[in-house]
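Chain residues, written in single-letter form:
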Amino acid sequence: SLSLSLPVHHTAPATMTDDLRRVARSSSNDAVVKICAPMVRYSRLAFRMLVRNHGADIACTPMLVSESFIASQKARDADFRTNPEDRPLVVQFAASRAEQFAQAAALVTPYADAVDLNCGCPQRWAMQEGYGAALVKQPQRIFDMVRAARRNTPLPVSVKVRLCATDQQSVEMCRRVEAAGAAWLTVHGRTAQERCQPVHWDSVARIKDALNIPVVANGDLCSLDDVQRVQAQTGVDGVMAARGILANPAMFEPGVGPCTPLAVVQEFLNTALRLGTPYPCLHHHLSYMLERSFSRADRRMFNALTSIPSILDYLHEHFDFPFLE
């Protein structure tokens, strides 16, 4: 765990460069930057380290609530765990007040490559607190938070949004985010009310056309074919995967099919055990990774397991893995 005090950085705004590709350490301006999304409970240290070994250029932390993060060392220790190998890293915060987002950004500055403001989470609790997708209707508030964070950290500040009710509103909101000095913008191609509806790639393309900063597309990306299709359709600079990369952490690697390669499962297990990943997190990840390899009976049996030793026994018996390095 990291002991994080409250430094404040007074930094002149960075010049407008392609911070997305710089953070991704990309040597090509044409390459699509591939990002592992911030996922509550899932995009923790062991998983971030895994996906970077299999084609992800950048990995994000789970969404952290800035108010509790700056108030409590205990919350910081519980929610934010990293190490020197955990790079490039984007730390994402939920916030509704500029000073809290700015303080949180300063706290993680020594350990991160960028900070991100979540304006896309559609969960009811988040929106009731004024976080996440509730903010797309308040572009001035987003503007103020990005500006405050940029004054408080030398790191690039990015923003993740959902669509507004109309394309015109979406474009106006995104232009306001750009004007605040956001380094790049990630767009989930649905509104806050939409869950399983088709992604509006035409709307993402209009936003990309309207902005000068890099744009990252998010929504239903499950394979490298999906990545290439969406990039061709929208012209985006990057892509971000969530459920697709949970199901197959190697989805960004060329030549990998829809199932997680068993060697990747074993690599995750070794890394997770070495880092002391708790049982619930380990079990959830393995359930996603192995879902396509399980029969219905296998899935029932695996879901009934209640400890790490029982997981190890089961996987050794069914997949013949010598899991521990």
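Thresholds, definitions, all that
Each chain carries its own residue numbering, running from 1 in the direction its sequence is written. Only residues with pLDDT of at least 70 get local features here, since the model is predicted, and only at 80 or more are side-chain atom pairs given and counted; chain-wide, interface and lining totals rely on the full set of residues. Water and hydrogen atoms were dropped before computing side-chain values, which therefore reflect all heavy atoms in the structure. For this analysis, a salt bridge means a side-chain nitrogen from Lys or Arg found within 4 Å of a carboxyl oxygen belonging to Asp or Glu. For the exposure calls, accessible area comes from a 1.4 Å probe over protein chains only, and a residue counts as buried if that area is under 20% of its type's maximum, exposed if over 50%, partly exposed in between. Starting at the N terminus, helices and strands are each numbered in turn, a helix being any DSSP run of H or I of at least four residues and a strand any DSSP run of E of at least two. Centres within 6.5 Å are what make two rings of Phe, Tyr or Trp a pair, Trp counting through its six-membered ring; a difference in plane orientation under 30 degrees is then read as stacked, over 60 as edge-to-face, and the rest as tilted. Only lysine NZ and arginine CZ atoms are considered, and such an atom sits over a ring when it is within 6 Å of the ring centre and within 35 degrees of the ring normal. Throughout, a contact is declared for two residues whenever any of their heavy atoms are within 4.5 Å.

**Student:** Help me understand the pattern of salt bridges, please; the structure alone is not making it clear to me.
**Tutor:** Pairing of side chains with opposite charge becomes possible as their charged atoms draw close. Summed over all chains, the structure comprises 14 salt bridges. Arg97 is paired through a salt bridge with Glu99; the nearest N and O atoms lie 2.5 Å apart. Since its relative accessible area comes to 41%, Glu99 is described here as partly exposed. The closest approach of N and O atoms between Arg243 and Asp220, which form a salt bridge, is 3.4 Å. Of this pair, Arg243 sits in helix H11 (residues 243-247) while Asp220 sits in the loop between strand S8 (215-218) and helix H10 (224-234), and the two are 23 residues apart along the sequence. Overlapping salt bridges bring together Asp18, Arg21, Lys208 and Asp237 as one network.

**Student:** When you look at the packing of aromatic side chains in this model, what are you seeing that I'm missing?
**Tutor:** Remark: the centre distance and the inter-plane angle together describe each pair of aromatic rings, the angle taken between the planes. Summed over all chains, the structure comprises 11 aromatic pairs. With 6.2 Å between their ring centres and 75° between their planes, Phe69 and Phe80 make a pair best called edge-to-face. Placement of Phe69 in helix H3 (residues 66-71) and of Phe80 in the loop between helix H4 (73-79) and strand S4 (89-94) is noted, with a sequence separation of 11 residues between them. There is no split in this pair, since Phe69 and Phe80 are both buried. Plain terms: the ring middles of Phe80 and Tyr111 are 6.4 Å apart, the flat faces sit at 65° to each other, and that makes the pair edge-to-face. Separated by 31 residues along the polypeptide, Phe80 in the loop between H4 and S4 and Tyr111 in the loop between helix H5 (98-108) and strand S5 (114-119) bring together distant segments of the chain. Take Phe80: its relative accessible area is 1%, and that puts it in the buried class. An aromatic cluster is present here, built from Phe69, Phe80, Phe93, Phe101 and Tyr111 joined pairwise through their rings. Above the ring of Phe143, the side-chain terminus of Arg176 is found at 4.0 Å from the ring centroid.

**Student:** What should I look at first to understand the environment of Phe47 in this one?
**Tutor:** Within the fold, Phe47 resides in helix H2 (residues 45-52). Sequence separation between Phe47 and Asn248 is 201 residues; the distance between their C-alpha atoms is 11 Å. With sequence-adjacent residues up to four places away left out, Phe47 is seen in contact with Cys36, Met39, Tyr42, Ile245, Leu246, Pro249, Phe268, His285 and Met289.

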